[in-house]
Amino acid sequence: MDFYEKHKDQRDRFEILAFHDARAKTFEELDEKLKPIIKDKWQGKSLPFPILLDASGDTIKKLGIHSFPTVILIDPEGNLVKGGSEARLEEELKKAPAEK
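So, here is what we can say about the structure in this document. (Residues numbered from 1 in each chain as written. Predicted model: local features only at pLDDT ≥ 70, side-chain atom pairs only at ≥ 80, totals over all residues. Heavy atoms only, no water.)

Outside of glycine, negative phi angles account for most residues, and trans bonds account for most peptide bonds. Residue Gln 43 is not a glycine yet carries a positive backbone phi of 50°. Here Gln 43 lies in the loop between α2 (27–40) and β2 (51–53). Take Gln 43: its relative accessible area is 66%, and that puts it in the exposed class. (Helix = DSSP H or I, 4+ residues; strand = E, 2+ residues; numbered from the N terminus. Buried < 20%, exposed > 50% of the residue type's maximum accessible area, 1.4 Å probe, protein only.)

Here's what the structure looks like:
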């Protein structure tokens with residue numbers, strides 16, 4: 001959340017998506033699971049970016065996610081970026097944006 005807010009002026013160049021593991025099958029279940037986290041860890045704030053449910057666990061398996069939180073980067077062509085991290089994304093954001 002801090003990274004997202006810190007780089008709000010560059011949000012046209014990146015997006016953060018949160019995947020919730022398969023323990024929540026619906027958004028109602030997810031809301032219940034997140035209540036204590038929002039209260040105790042996120043100072044009462046909800047995530048400012050989309051949360052995707054992966055009820056089957058297929059996406060998490062395909063991306064090789066083994067623990068939460070995990071940071072992965074996907075380039076504009078849809079490829080996983082080796083060594084993806086917040087630091088790597090920050091480096092990429094320092095580069096001049098590609099012209100359209």
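Within this structure, the stated rule accounts for five salt bridges. In this structure, Glu 92 and Lys 95 form a salt bridge, with 3.1 Å as the shortest nitrogen-oxygen distance. A relative accessible area of 29% means that Glu 92 is categorised as partly exposed. For Lys 95, a relative accessible area of 48% translates into the label partly exposed. Salt bridges sharing common partners tie together Arg 88, Glu 92 and Lys 95. (Salt bridge = Lys/Arg side-chain N within 4 Å of Asp/Glu carboxyl O.)

Taking 1.5 Å of rise per residue, the 14 residues of α2 would be expected to cover 20 Å, and the 20 Å separating its terminal C-alpha atoms lies within 8% of that figure. Its axis deflected by about 35° at Leu 34, α2 carries its strongest bend there, up to four residues before the proline Pro 36. Structurally, α2 contributes buried residues whose contacts are with β1 (18–20) and β2. (Expected span 1.5 Å × (residues − 1). Bend = angle between axes of the 7 residues up to and from the residue. Contact = heavy atoms within 4.5 Å.)

On the secondary structure map, His 7 appears in the loop between α1 (2–6) and β1. Residue contacts for His 7: discarding those within four places in its chain leaves Phe 14, Glu 90 and Leu 93.

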